[in-house]
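Coordinates in review
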Amino acid sequence: MAVLEVDGLQKSFGATRVLGGISLSVEKGDVVAVLGPSGSGKTTLLRCLNFLEQADAGTLTFDGERFDLAAMHRKDIIRLRKKTGFVFQNYNLFRNKTALQNVTEGLIAVRGMKKADAEATGLALLAKVGLADKARQYPHQLSGGQQQRVAIARALAANPQIIYFDEPTSALDPELTGEVLAVIKQLAEEGMTMIVVTHELPFAKSVSDKTLFLDGGVIVEAAASRDFFANPRQERTKAFLRTLNKDSI
């Protein structure tokens, strides 16, 4: 059974169409890589799926429950967000809170967990992402890669059914990129369901189960990753992959 199904998702900003009818299905344990050039609608897709933007049309079925994306009720948005995690490009950590406090904030404020229990959970998650010794440090004391790993720990704190990653390494240099991708790969091996917007071609090839290529707000090509990279069918996909391969040399 699919964890997430989207049918006909549309989104425009003024007269500019950003998403022109996106449909996709994500099974439990799937890692779905989303590729596409700048401006193709990748980030907007994730933001609509997590209700950071309201779609103009389309339906979303989450864990068997169907919703009209253009007419979401606040209580449903809150309820669904509790089942998902979101990792932003630029971390979005609270600058005045420690790494541990960033992870526990939602557990205490939103879920009503006791502080001691939340801290125990937070420490375990920071250890999981390799930051057990950084719990009391503030974001400005951490590298970009470490901050992003705190953000992943925060997303995991909700015990989500799916995590959305919006180009999680785009703000990092190559050395720090590797440490973040290693954590995401570990989560994939543990069976976490994820949609990952990325420009990291080797990561998408080796970790994802399915790959989508967006351009102009539509899915140009979607396939099992092994087929997508070995034998892309659309000329636009082939041209895009050639560009990425050239950039990675």
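Residues numbered from 1 in each chain as written. Predicted model: local features only at pLDDT ≥ 70, side-chain atom pairs only at ≥ 80, totals over all residues. Heavy atoms only, no water.

1. Details of the pattern of salt bridges
Just so we agree on the cut-off: We define a salt bridge as a contact between a side-chain nitrogen of Lys or Arg and a carboxyl oxygen of Asp or Glu at a distance within 4 Å. The helix and strand labels rest on DSSP assignments: H or I over at least four residues marks a helix, E over at least two residues marks a strand, and numbering proceeds from the N terminus. Only protein chains enter the accessibility calculation, which uses a 1.4 Å probe; a residue whose area is less than 20% of its type maximum is buried, one above 50% is exposed, and one in between is partly exposed.
Enumeration according to the criterion identifies eleven salt bridges in this entry. A salt bridge links Lys210 to Asp30; the shortest N-O distance between them is 3.0 Å. Residue Lys210 is found in strand β9 (residues 210–215), and its partner Asp30 is found in the loop between β2 (16–27) and β3 (31–35); the two are separated by 180 residues along the sequence. Assessed through its relative accessible area of 26%, Lys210 is described here as partly exposed. Taking the shortest distance from any N to any O, the salt bridge between Arg236 and Asp215 comes out at 2.7 Å. One end of the pair, Arg236, is in helix α9 (residues 235–248); the other, Asp215, is in strand β9, with 21 residues separating them in the sequence. For Arg236, a relative accessible area of 34% puts it in the partly exposed group. The exposure class assigned to Asp215 is partly exposed, which follows from its relative accessible area of 23%.

2. Some words on the layout of surface pockets
Keep this limit in mind: Cavity means a closed set of points on a 1 Å grid over the protein atoms alone, one where a 1.4 Å probe fits but cannot get out, pocket means an open set with protein on both sides within 12 Å along at least 5 of 7 lines, and lining means a residue has an atom within 4 Å of a point. Grid points are joined across faces, edges and corners, and a volume is the space filled by probe spheres set on the points.
For the largest pocket, the calculated volume is near 770 Å³. Taken together, 26 residues make up the lining of the largest pocket; nearest its centre are Arg81, Thr84, Gly106, Val110 and Arg154. Among the secondary structure elements, those contributing two or more residues to the lining of the largest pocket are α2 (74–81), β6 (84–87), α3 (99–109) and α5 (144–157). Counted as a void, the second largest pocket has a volume near 150 Å³. Considering the residues around the second largest pocket, the lining is formed by Met1, Ala2, Val3, Lys28, Asp63, Pro160, Gln161, Gly191, Met192 and Thr193.

3. Things to note about empty space enclosed by the protein
The criterion, for reference: Residues are grouped as follows: nonpolar covers Ala, Val, Leu, Ile, Met, Phe, Trp, Tyr, Cys and Pro; charged covers Asp, Glu, Lys and Arg; every other residue, Gly included, is treated as polar.
Under the counting rule described, the total for this entry stands at one cavity of 30 Å³ or more. Here the largest cavity is characterised by a volume of approximately 30 Å³. In terms of lining residues, the largest cavity is bounded by Leu49, Asn50, Phe51, Leu60, Phe62, Leu80, Thr84 and Tyr164. Within the lining of the largest cavity, the residues separate by chemical class into six nonpolar, two polar and no charged.

4. A word on the pairing of strand β1 (residues 2–13)
The condition that has to hold: Think of it this way: DSSP has to see at least two bridges between two strands before they count as a pair.
Here β1 pairs with β2 via nine bridges, running antiparallel. By the bridge assignment, Leu9 is partnered in β2 with Ile22. Between the end of β1 and the start of β2, which pair antiparallel, lie two residues, with Gly14 showing a positive phi angle near 65°. The sheet contact formed by β1 and strand β4 (residues 57–62) spans five bridges and is antiparallel. Note that in β4 the partner of Gln10 across the bridge is Ala57.

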